[in-house]
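# Tertiary structure, described
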Amino acid sequence: MKYESVIGLEVHVELKTKTKIFCGCSTEFGAEPNTHVCPVCLGLPGVLPVLNKEVLHYAVKAGLALHCDILPFSKFDRKNYYYPDLPKNFQTSQFDLPICKGGYIDIDVDGKQRRIHLTRIHMEEDAGKLVHSGGSIANSDSTSVDYNRTGVPLLEIVGEPELRSGAEARAYLEKLRSIMQYLGVSDCRLEEGSMRCDANISVRPVGSDKLGTKTEIKNINSFSAVQKGIEYEAVRQAQILDEGGTIQQATRGWDEAKGITILQRVKEGDSDYRYFPEPDLIPIEVSPEYIEQVRQELPEMPDARCQRFQDELGLSEYDANLLTLEKQTADYFEAVVKEGVDAKEAANWMLGEFAKKLNEENIDISASPVKPADLAGLLKLIAKGTISGKIAKKVLPEMWKSGKAADVVVKEQGLVQITDTGALEDMVKKVIAANPQSVADYKAGKKKAIGFLVGQIMKETKGRANPGVVNQLLTKNLQ
Amino acid sequence: MLTIHELHEKLVNGDVSAVELTKAFLAHKDTVEPKVQAFLSDNRDYALEAAAAVDAKIAAGEAISDLAGIPGAIKDNICIKGQKATCASKMLENFKSPYNATVIEKLMAADYVSLGKTNMDEFAMGSSTENSAFQLTHNPWNLDCVPGGSSGGSAAAVASGETVWALGSDTGGSVRQPASYCGVVGLKPTYGLISRYGLIAFASSLDQIGTFTNDVADCAIVLNAIAGHDAKDSTSIPQAEKDYKQALVNDVKGMKIGVPEEFFGEGLDADCRKALEDAIETYKKLGAEIVPVSMPHMKYGIAAYYIIAPAEASSNLARYDGVGFGMRVDGKDIVDMYIKTRTKGFGDEVKRRILLGTYVLSSGYYDAYYLRAMKVRTLIKQDYDEALKKCDVLLTPTAPDTAFKIGQNSDNPLAMYLGDVCTVTLNLAGLPGLSIPCGYKNGLPIGMQLIGKALDEATLLRVAYTFEQNRTDLRKPSPMGEVEL
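It should be emphasised that the depicted structure is a prediction, and the values quoted were computed from it without experimental measurement.

What counts and how
- Residues numbered from 1 in each chain as written.
- Chains lettered and ligands numbered in written order.
- Predicted model: local features only at pLDDT ≥ 70, side-chain atom pairs only at ≥ 80, totals over all residues.
- Helix = DSSP H or I, 4+ residues; strand = E, 2+ residues; numbered from the N terminus.
- Rg over C-alpha atoms; globule rule 2.2 N^0.38 Å.
- Buried ≥ 20, exposed ≤ 12 C-beta atoms within 10 Å, placed from the backbone.
- Contact = placed C-beta atoms within 7 Å.
- Nonpolar A, V, L, I, M, F, W, Y, C, P; charged D, E, K, R; others polar.
- UniProt positions renumbered as here; feature names shortened; annotations may be inferred.
- Domains from an automatic or database assignment.
- Axes fitted to C-alpha atoms, helices over the stretch in contact; angles between N-to-C directions.
- Parallel < 35°, antiparallel > 145°, perpendicular 65-115°, else oblique.
- Left-handed = near helix turned anticlockwise from the far one by under 90°.

## Quick look at the overall build of chain A
Tallying secondary structure elements over chain A gives 15 helices and 17 strands in all. Computed over C-alpha atoms, the radius of gyration of chain A comes to 29 Å, more than 25% over the 23 Å expected from 2.2 N^0.38 for 479 residues, which places it beyond the range of a compact globule. Seen along its three principal axes, the alpha-carbon backbone of chain A occupies a region of about 90 × 55 × 50 Å. Across the 479 residues that make up chain A, the buried fraction comes to 39%.

## Notes on the interface of chain A and chain B
On the chain B side, the residues contacting the 26 residues of chain A number 36 residues. When its residues are assigned to classes, the side of chain A that touches chain B shows 17 nonpolar, 4 polar and 5 charged.

## Re the UniProt feature "domain: Asn/Gln amidotransferase" (unreviewed entry) in chain A
According to UniProt, the feature "domain: Asn/Gln amidotransferase" (unreviewed entry) maps to residues 331-478 of chain A in the numbering used here. The annotated region residues 331-478 of chain A carries 72% helix and 0% strand content, and the separation between its end C-alpha atoms amounts to 49 Å.

## Concerning the environment of Thr419(A)
Residue and element names in this part refer to chain A. Locating Thr419 in the fold gives a position in the loop between helix H11 (406-412) and helix H12 (421-434). For the pair Thr419 and Thr386, spaced 33 residues apart in sequence, the C-alpha to C-alpha distance is 8.6 Å. Among all residues touching Thr419, those that are not within four sequence positions of it are Gly385, Asn466 and Val469.

## Observations concerning the domain arrangement of chain A
Each domain of chain A was delimited in the assignment, giving domain 1 (3-290), domain 2 (300-412) and domain 3 (421-478). Each of domain 1 of chain A and domain 3 of chain A was reduced to a C-alpha centroid, and the two centroids are 64 Å apart.

## What about the packing of helix H9 (residues 301-316) of chain B against helix H12 (residues 367-390) of chain B?
Residues and elements named next belong to chain B. At their nearest, the axes of H9 and H12 sit 9 Å apart, and the two run at 125° to each other. In terms of orientation, H9 lies oblique with respect to H12. Judged by the twist between their axes, the crossing of H9 over H12 is left-handed. Touching Gly301, Ala304, Ile307, Ile308 and Ala311 of H9 are Tyr369, Tyr370, Ala373, Met374, Val376, Arg377 and Ile380, all from H12. A per-class count over the contact of H9 with H12 returns 10 nonpolar, 1 polar and 1 charged.

Given below as structure tokens:
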């Protein structure tokens, strides 16, 4: 039978406010264990939470950018469950009156555009981190708790089950990350856990509108894993149904190494979290004026920027898309163009050589040793004819390594392009004399033979000869 | 009966030094404490140090606060940096707080002297202080009787003259009822008037720190020291600072005092009723207008309270799991550790309320219990709003009877709960209430409760002060003897 997948994502995004959601501790990632803690986030007896206003600000910002309704009256609730990473054994979250309802994310997969609706967005506190002495619970004699992350603010963004493939799920996540980064509310690094995704997936016969039994995939820590995990699960479920079996409602983990999902916990109904209104916090009231004020702060969002890159800078939709997906990339690109470099040329380099280098070094664009002005300097040397594009490809790694400007590298290594017709004319004559066969071929009408002769001169000059000038001189001397 | 305001005069006039005063109280405490057992900890070194600092200020000609150098006591669920805060529970037997409650910061600014921390029902759950995991506290008026609870230690400390004032906490009557049983003045202020930061939570939407003193003037002084907005408590009410001593006016002429019939039903002891009727007569004579009022939803108060308070408690007490602080009993895995720790760490009453609270919040029961109780809470609030529209204050008994014998209600939690009938609805409504002695039965004090409008502690104090000034017949020396100065 032919099946379609029904996929809904629950995404947790860590907000990059300076301090935690209910106390003044730092949210900085990677500090020594239990150094960013205080009585409040440790849940000591007698403490009380106070809402960090910036968290509400970020939540409203995110809600507006995702086209949600901002509720004028919302509240916090306690979600009660026991886990050693949760010092109070309840998580302060939002239950029936979240800060945002509705909203949507537009995605584009292989040219097909779809609008995926959101159910809600709510604010909550993060839990701590368990560190097992042996790496996993099974292998450990003891477990320690690092409370640095306890109380770091989170947004939980719950999507409607409208996604139909792993590729769509991935596009949705990438778009969501992009929007959060544009807003500056989260770094959304899956590896560091500042973006976390749980996927609910079920399959049903094409044409059916009934929902099948779902499984939940947890611990997906890369975009490709989201896609692969969902694709694997869709196939697995379809196979079971084809064989006449039934799907077991369960939580499954994604095993990156094996490329499969593994049963973690069978769910028998929903857990009872005994939600009730958080009595230590007062309800959140948001005025229309406040919402308007936050709306005014919204920056240009990725879709708008992508359109502008096409309209104003003449980029292709494909390039504009790639360049605007991550805000830092788009910012970098615009900074390069601002230096007076042709936009298309800048786009080609950024998506080509520069992207390759970032990938090789596995670093973030913000950490690139080659700054926008440096890359612009390199591109200007090409534009002026000082070096060829080919030489430029050798200059870039040198700049990367030494941190020197393009013109300095070119000068130091003697890479300036030879455009002096006098010097090149002698070489041209020598090459013609040394290669009678090619000359004969050329004269016999095989115009391609000139390429070999150009190659000889490039070899002679270690690529520094201006290929245009060489071509001209050869044509002239062969007549 | 020594009061803060009189002792303050003596300190300022140089009749006695703060250190002498503290030493005198410590001496009295040493003779009385073996019988009363109000304290869980002894803080005499700190107390003498603090008193010496007050003397230094006086010697330097500096002004001192009304409360400076006057010995007091703090209930053991209020956090003081570096000191134990046990909540009279084995769970926190060795827990030392690394921070100060906001009220402690405020008291420090007033140069307070505390002789120690007082006994209570475990986690403030109880009405007799018999639920303490550590000791029984005895009523200074009759050592066979309970001091009331949960702030029984604080009430007994003041009533026995061991200290001049004390702080307690009141979730359903835990300041007013022991004040009534011990014959002292007990105030539960408006919810939000005093910061809860550093008060170990029982039921967050009901808890409020309150005061025990020998008279109404002292009540105003302690309230002055601890009231005020606190940014660390989101439920604290922003407001301008007041001087509650301004409210000490001996005049109720033309004031309207409401008497809700529902508080004078058949459960009220006859002697208590008589004492309250005498009090009403006193007010009439002083020119107040007595207004009969009806509050039809009061009869649901106990039921609503014993759903909402345990619900919040079940969540608030979830943190005592053996992981981060407090008692830990090791187990074969984490769940086993939780179970063993909580089984050993909590007493019966605490367990009972955690079970009740967990039950009423459970899916399938939430609507029938918790949600319904919250609706009743709204109706109760409306009853109070209506009644207080017509009156300046309401007058009721604090408890249906005087202090009962130790052990009398131990096996009957329901009877114990029903004793809270006069006090719990105020917490549900968030309103201020003050208990003041209005008579005696077989040598045990009877309490009268005055209920005010939200944030109108001033009127409450005025009405109480007027009563006290005109009923000097009710004044009795401390049953345990007085401190000799």
